[in-house]
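Listed below are the residues making up each chain.
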Amino acid sequence: MPTVAFHTLGCKVNHYETEAIWQLFKQAGYERKDFESHADVYVINTCTVTNTGDKKSRQVIRRAVRRNPDAVVCVTGCYAQTSPAEVMAIPGVDIVIGTQDRGKILEYIEQFKQQREPINGVRNIMKTRVYEELDVPAFTDRTRASLKIQEGCNNFCTFCIIPWARGLMRSRDPKEVIRQAQQLVDAGYKEIVLTGIHTGGYGEDMKDYNFAMLLRDIDEQVKGLKRLRISSIEASQITDEVIEVLKQSDKIVRHLHIPLQSGSNTVLKRMRRKYTTEFFAERLARLREVFPDLAVTSDVIVGFPSETEEEFMETYTFIREQRFSELHVFPYSKRTGTPAARMPDQVDEEVKNERVHRLITLSDQLAKEYASKFEGQVLEVIPEELYKEDPTSGLYVGYTDNYLKVKFPATEEMVGQLVKVKITKAGYPYNEGEFVRVINDHHEIVRLSS
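Under an unreviewed UniProt entry, the name given to the chain is Threonylcarbamoyladenosine tRNA methylthiotransferase MtaB, and the organism recorded is Anoxybacillus ayderensis. Quoted verbatim from the Cofactor (unreviewed entry) heading of the UniProt record, the comment on the chain is "[4Fe-4S] cluster".

Spelled out as C-alpha cells, the structure:
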C-alpha cells in the first residue's frame, strides 16, 4: 500500500484543503503517515501571508526531502502559487501545484514516476472565475468542522499578498454548501465553521443570491446542525439583512470575528480598508441592539508604515470604547511585493513591539471583562480535548457558543458532544466550569456519577 504524509502551514483554509487532498489519496488506496515518518509521497501545503511563511515553507520542504530522498515531494498552496520558480529550485521538489487544480495531483504523481522530470503545474490564478469543488466529508479533528464556501478576495489591501495567491472572489454553489454541511452533520459534527479567504464576501459574484440567503438556507435546510459559526466577516458585509437572519436563527452563534486592522481613519486609508471607524462603530452598535451579549473578536495590525503615536492611540481608544471580547494583535511585517512594503517611514521594531504589548494588555483586560458577565451562568460547551497544561486533571477544554474557552471535568465520551456547563470562575485565557449535563437529541439527562 503506497503511503502519503502531509504538512500544512498557515490558515484554516489550508487545513481544509489538505483534508480535501487527503480524500483524493485515500480514494486511490494510499495510507496516511505522520509527516515525521518515512512515506512514499510528501505533500506540503504552503503559506505566503508573510515573508516568514515563505521561509517556514522552504524549511518544511527541505525536511521532507531529507527524510526520504526517494519520495515524490509535492508542494501546493499559496507560496507555490506566488513563487513557483523559487519552489522548483529547491533540490528534491518534484511537483508544484498552486491554489488550483488540486484534483490533478495524483495524475502528476503518475506522470512523474514515468518520466522522472519535475512538474510545474501552476497556472495564472487571476484568470480563474469558478470555484474549484473539493469534497471534505470528515476531518481528522472531530469537534469543529470547517466548511469552505468561497475562494479569493477583491480587496487588495496595501499590506496583503493574498489576492495574488488566491485570485479574485468566487463563491461556491449554495447547493454544494448545503450538501456538504449535511454530510458533516451526518458524520457527527455539532458545529460547522463557515470559512474562506474572504468568507463574508460570499455571493458578491452572484446575481440573485447573497451571504444572508446562504445563512438562512443552511439554518433552515441542514437537519441536526447545532451551531453555525462564521470564521470572519467584514463590517461592510454585516448588512441589515444578515443581522435579521442572525436574529431569527437559533443555530448561528453569538460570536462574530470582524477584522478591524486599525482604529485610525488615516491608517485605514493607507491600508486601503474601505471603511471608517465611524461606520465600523455604527455596525457594532446595530449588532449590540439585537445581541447585547455578542462576542466580537478582531484582528489588529500595529505599527503600519508611518503610524504615529497619536494614530496608535486612536486605535487603542477605539478598541477600549468598542469593548471587543478578544483581539489578535500582529506587529506589521513587510510583505515583499505589496504596496505597504514600499511605503516610506517604516515604524521602528522597538516602537512596534512596545505598542503591541500595550494592545495585548488591553485585550486581556477586555477578555476578562467580557467573560465576567457570564460567571454563574450555565452555557453550552463542546469539549474538544484534554486540558494540555495538566493532562492528569480530568479536565477538558472546549468553547461556548460565544467563544469563551472553558476548562471543566468531563470524559472522553463527551468530546464533540454538546454539554451544559456552569461557569464557576471567569478568567482569561480559561474560564473554569462545572459539568451539568450532556444534551442529547433524545432529551434524556446524563449526569457524571458523583
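Draft legend 1. How the structure looks around the domain arrangement of the chain. Taken as a whole, the chain is organised into domain 1 (3-123), domain 2 (145-368) and domain 3 (377-438). Placing a centre on the C-alpha atoms of domain 1 and another on those of domain 3 gives a separation of 36 Å.

Draft legend 2. A look at the UniProt feature "domain: MTTase N-terminal" (unreviewed entry) in the chain. In the numbering used here, UniProt assigns the feature "domain: MTTase N-terminal" (unreviewed entry) to residues 2-114. When the span residues 2-114 is considered, its composition is 47% helix and 20% strand, and the gap between its end C-alpha atoms is 16 Å.

Draft legend 3. Focus on the pairing of strand S3 (residues 41-46). The element S3 is largely enclosed, with a buried count of six among its six residues. Of the two faces of S3, the one holding Val41, Val43 and Asn45 and the one holding Tyr42, Ile44 and Thr46 are both buried throughout. Across five bridges, strand S1 (residues 3-8) lies against S3 in parallel orientation. Bridge assignment links histidine 7 to a residue of S3, and that residue is isoleucine 44. Note that S3 and strand S4 (residues 72-77) share six bridges and pair parallel. Note that in S4 the partner of asparagine 45 across the bridge is threonine 76. On the question of chirality, the crossover connecting S3 to the parallel S4 by way of helix H2 (residues 51-67) is right-handed.

Draft legend 4. Fine view of the packing of aromatic side chains. Tallied over the full model, the rule gives 17 aromatic pairs. On the basis of an interplanar angle of 85° and a centroid distance of 6.1 Å, the ring pair of phenylalanine 139 and tyrosine 189 is categorised as edge-to-face. Within this pair, whereas phenylalanine 139 is found in the loop between strand S6 (119-120) and strand S7 (144-148), its partner tyrosine 189 is found in the loop between helix H7 (174-186) and strand S10 (191-195), the two being separated by 50 residues in sequence. Under the relative-accessibility criterion, phenylalanine 139 is labelled buried at 15%. Judged by relative accessible area, which is 5%, tyrosine 189 ranks as buried. Residues phenylalanine 304 and tyrosine 332 carry aromatic rings whose centres are separated by 5.4 Å and whose planes lie at 75° to one another, so their mutual orientation is edge-to-face. Of this pair, phenylalanine 304 sits in the loop between strand S13 (295-302) and helix H12 (309-322) while tyrosine 332 sits in the loop between strand S14 (326-331) and helix H13 (349-372), and the two are 28 residues apart along the sequence. Just as phenylalanine 304 is buried, tyrosine 332 falls in that class too. A network of ring pairs unites the aromatic residues Phe6, Trp22, Phe25 and Tyr30 as a single cluster.

Draft legend 5. Broad picture of the sheet that holds S1. On the basis of which strands lie adjacent, the open sheet formed by six strands has the order S2-S1-S3-S4-S5-S6 and parallel pairing. Strands with a single pairing partner mark the edges of an open sheet, and in this sheet they are strand S2 (31-33) and S6. With respect to the sheet, H2 is in contact with S1, S3 and S4, its orientation differing from that of S3 by roughly 175°. Strand contacts of helix H5 (residues 105-115): S3, S4, strand S5 (95-96) and S6, with the helix running at about 150° to S4, the strand carrying the most contacts.

Draft legend 6. Fine view of the pattern of salt bridges. Scanning the model with the defined rule gives 34 salt bridges in all. Note that aspartate 135 and arginine 179 form a salt bridge whose closest N and O atoms lie 3.3 Å from each other. In this pair, aspartate 135 sits in the loop between S6 and S7 while arginine 179 sits in helix H7, placing the two residues 44 residues apart along the sequence. A salt bridge links aspartate 401 to arginine 254; the nearest nitrogen and oxygen atoms lie 2.9 Å apart. Taken as a pair, aspartate 401 in the loop between strand S16 (395-400) and strand S17 (405-409) and arginine 254 in the loop between helix H9 (240-248) and strand S12 (255-257) lie far apart in primary sequence, 147 residues in all. For arginine 254, a relative accessible area of 22% gives the class partly exposed. Counted as one network, the salt bridges with shared partners bring together Glu17, Arg102, Lys148, Glu151 and Arg166.

Draft legend 7. Fine view of the packing of helix H1 (residues 12-27) against H5. Following both chains from N to C, one finds H1 and H5 inclined at 55°, their axes separated by 10 Å at the closest point. Here H1 lies oblique to H5, going by the angle between them. Here Ile21, Leu24 and Phe25 of H1 come into contact with H5, specifically with Ile105, Leu106 and Ile109. Tallied by class, the residues present in the contact of H1 with H5 amount to six nonpolar, no polar and no charged.

What counts, and where the lines are drawn
Residues numbered from 1 in each chain as written. Predicted model: local features only at pLDDT ≥ 70, side-chain atom pairs only at ≥ 80, totals over all residues. Heavy atoms only, no water. UniProt positions renumbered as here; feature names shortened; annotations may be inferred. Domains from an automatic or database assignment. Helix = DSSP H or I, 4+ residues; strand = E, 2+ residues; numbered from the N terminus. Buried < 20%, exposed > 50% of the residue type's maximum accessible area, 1.4 Å probe, protein only. Pairing = 2+ DSSP bridges. Right-handed = clockwise from strand over helix to strand, strands pointing away. Phe/Tyr/Trp six-rings, centres within 6.5 Å; stacked < 30°, edge-to-face > 60°. Contact = heavy atoms within 4.5 Å. Axes fitted to C-alpha atoms, helices over the stretch in contact; angles between N-to-C directions. Salt bridge = Lys/Arg side-chain N within 4 Å of Asp/Glu carboxyl O. Parallel < 35°, antiparallel > 145°, perpendicular 65-115°, else oblique. Nonpolar A, V, L, I, M, F, W, Y, C, P; charged D, E, K, R; others polar.

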